[in-house]
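Structural overview
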Amino acid sequence: MKAPALLATTIFVLAASAQQGPPGLMPTLPLRQTFVSGAQVVIDDAQAVDIKADNAHFAGPMQQLKQASDNLTAMAEDDREKDIAASM
């Protein structure tokens, strides 16, 4: 490869690597393991609620689900975690 072409290619590669993509296409960090564990508790508690049960058998699991959901909301730190907690 000739020197001018090599120089142009090098500059192009360096300039391309310094550019950032659009804000919506930036890679996201993985969720914290403690948050994922909290979300799993909410899902498990939701599965335990029997919506066809009478009030005596419905109130306990529903209270446990509400507490798990509140805990998940409280532990959410960034916008992504807050969005996930709000959807649960």
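Thresholds applied
- Residues numbered from 1 in each chain as written.
- Predicted model: local features only at pLDDT ≥ 70, side-chain atom pairs only at ≥ 80, totals over all residues.
- Heavy atoms only, no water.
- Salt bridge = Lys/Arg side-chain N within 4 Å of Asp/Glu carboxyl O.
- Helix = DSSP H or I, 4+ residues; strand = E, 2+ residues; numbered from the N terminus.
- Buried < 20%, exposed > 50% of the residue type's maximum accessible area, 1.4 Å probe, protein only.
- Lys, Arg positive; Asp, Glu negative; His and termini not counted.
- Contact = heavy atoms within 4.5 Å.
- Expected span 1.5 Å × (residues − 1).
- Arc of directions from axis to C-beta.

Digging into the pattern of salt bridges
According to the stated counting rule, one finds 3 salt bridges in the structure shown. With its nearest N and O atoms 3.6 Å apart, the salt bridge here joins Glu77 to Arg32. On the criterion of sequence distance, the pair formed by Glu77 in the loop between helix H3 (55–75) and helix H4 (79–87) and Arg32 in the loop between helix H1 (3–18) and helix H2 (33–48) is long-range, its members being 45 residues apart. Residue Asp70 is joined to Lys66 by a salt bridge in which the shortest nitrogen-to-oxygen separation is 3.0 Å. Taken together, the residues span about one helical turn, with Asp70 and Lys66 both in helix H3 at a distance of 4 residues. Salt bridges sharing common partners tie together Arg32, Glu77 and Glu81.

Points about the side chain of Asp45
Mapped onto the secondary structure, Asp45 falls in helix H2. Look at Asp45: it is buried, it has no salt bridge, and the nearest opposite charge is Lys66 at 12 Å. Residues within four places of Asp45 in sequence aside, it is in contact with Gln64, Leu65 and Ala68.

Focus on H2
Residues that lie three or four places apart on an α-helix share one face, since the helix turns once every 3.6 residues. The end-to-end C-alpha distance of H2, which contains 16 residues, comes to 23 Å, matching closely the 22 Å that a straight helix rising 1.5 Å per residue would cover. Within the span of H2, buried status applies to Phe35, Gly38, Ala39, Val42 and Asp45. Across the axial projection of H2, the buried residues extend over an arc of 125°, all falling on one side. In H2, the exposed residues that point more than 90 degrees away from the buried face are Gln33 and Gln47. In this structure, the buried side of H2 is in contact with H3 and H4.

Remarks on the environment of Ala76
One can find Ala76 in the loop between H3 and H4. On the accessibility criterion, Ala76 (10% relative accessible area) is buried. Apart from the residues within four sequence positions on either side, Ala76 is in contact with Arg32, Phe35, Glu81, Lys82 and Ala85.

Focus on the environment of Ala86
Considering the arrangement of structural elements, one finds Ala86 in helix H4. Separated by 10 residues in sequence, Ala86 and Ala76 place their C-alpha atoms 9.6 Å apart.

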